[in-house]
Amino acid sequence: MKFGAVSPREAEGAIAVHSIRKSEMVLKKGTLIGKNEIAALEAARVSEIVVARLEPGDVSEDVAAAEIAAAVAGEGVHVDRAFTGRANLFAREAGVLVVDKGGVDALNDVDPAITFATLPAYASVVAGKMIATVKIIPFAVAGTARDKALAAARAATPMVRVAPFKVRKVGIISTVLPGLA
């Protein structure tokens, strides 16, 4: 990925690195610059914009986050749609969060641009609770780093899962022994 300041006309196809607010025009960080954005930037008299350009082999932040999140998710886990380089994982049902700590550490050691965080192992969770997140720090990650992260995730499958609570019957047997009240 390459970063640099360019004129709005040279920004087409690149990603805005910073949000820009000028007059009525608002361009949010992470926006893919197209013809409409160029026209708005020029109308607002913005002469320069800092952008990121993906290079061959780079994987966009949302695609990488979604793929890695899907690879780490086990039973009882729902992966939400990735946005701004983040894919959140949620409990589908109430239960106990089971985490492969070694797997989490291995995934986090792949590349500083890729992070995976979870609630503590054995945490009690309810349906809909966020239990983990995958975050791609920059706007994209090298495809080789994404591939290594996927390999790490698959080596510890499932890296996170929810063991559902189960209703069990319990029986109590009471006896009377000599000398007990």
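For clarity, every value in this text was computed on a predicted model and none was experimentally measured.

**Brief notes about the nonpolar core**
Thought 1: Counting 35 residues, the largest nonpolar core has Ile-68, Leu-89, Leu-107, Phe-116 and Ile-131 as its most contacted members.
Thought 2: Within the residue set of this core, elements represented by two or more residues are helix 2 (61-72), strand 8 (86-91), strand 9 (95-99), helix 3 (101-108), strand 10 (114-118), strand 12 (130-136), helix 4 (143-155) and strand 14 (160-164).
Thought 3: Considering each element in turn, this core owes the most residues, 6 residues, to helix 2.
Thought 4: Setting aside chain neighbours within four positions, we find Phe-116 in contact with Val-72, Leu-89, Val-104, Leu-107, Asn-108, Ala-132, Thr-133, Val-134, Met-159 and Val-160.
Thought 5: Judged by nonpolar contacts, the second largest core, of 14 residues, contains Val-6, Leu-27, Ile-33 and Val-51.

**Quick notes on the pattern of salt bridges**
Thought 1: Evaluated as defined, the whole model comprises 6 salt bridges.
Thought 2: One salt bridge in this structure joins Lys-2 and Glu-55, with 3.9 Å as the shortest N-O distance. One end of the pair, Lys-2, is in strand 1 (residues 2-6); the other, Glu-55, is in the loop between strand 5 (49-53) and strand 6 (58-60), and 53 residues separate them in sequence.
Thought 3: Lys-2 gets classed as exposed once you look at its relative accessible area, which sits at 53%.
Thought 4: Judged by relative accessible area, Glu-55 falls into the partly exposed class, the value being 32%.
Thought 5: Close ionic contact of Glu-12 with Lys-35 constitutes a salt bridge, the shortest N to O distance being 3.3 Å. With Glu-12 in the loop between strand 1 and strand 2 (15-16) and Lys-35 in helix 1 (residues 35-43), the pair connects residues that are 23 residues apart, well separated along the chain.
Thought 6: Salt bridges sharing partners connect three or more residues here, namely Glu-67, Arg-146 and Asp-147.

**Digging into the sheet that holds strand 14**
Thought 1: Pairing within the open sheet is antiparallel, and its 3 strands lie in the order 11-9-14. The two strands at the open ends of the sheet, each matched to only one other strand, are strand 11 (124-125) and strand 14.
Thought 2: Bridge count for strand 9 against strand 14 is 5 bridges, and the pairing is antiparallel. Residue Val-96 lies in a different strand from strand 14, and its bridge partner there is Ala-163.

**Describing the pairing of strand 8**
Thought 1: With 5 of its 6 residues buried, strand 8 lies for the most part within the structure.
Thought 2: Note: strand 7 (residues 77-79) against strand 8, 3 bridges, orientation antiparallel. What sits directly across from Val-77, in strand 8, is Ala-91.
Thought 3: Linking two consecutive strands that pair antiparallel, namely strand 7 and strand 8, is a turn of 6 residues; a positive phi of about 45° is found at Thr-84 within it.

**Quick word on the sheet that holds strand 1**
Thought 1: Pairing is antiparallel across the open sheet formed by 3 strands, whose spatial order is 1-5-2. For this open sheet the edge positions go to strand 1 and strand 2, each flanked by a neighbour on one side alone.
Thought 2: Bridge count between strand 1 and strand 5: 5 bridges; the pairing is antiparallel. Bridged to Val-6 within strand 5 is Ile-49.

Analysis parameters
- Residues numbered from 1 in each chain as written.
- Predicted model: local features only at pLDDT ≥ 70, side-chain atom pairs only at ≥ 80, totals over all residues.
- Heavy atoms only, no water.
- Core = buried A, V, L, I, M, F, W, Y, C linked by side-chain atoms within 4.5 Å.
- Buried < 20%, exposed > 50% of the residue type's maximum accessible area, 1.4 Å probe, protein only.
- Helix = DSSP H or I, 4+ residues; strand = E, 2+ residues; numbered from the N terminus.
- Contact = heavy atoms within 4.5 Å.
- Salt bridge = Lys/Arg side-chain N within 4 Å of Asp/Glu carboxyl O.
- Pairing = 2+ DSSP bridges.

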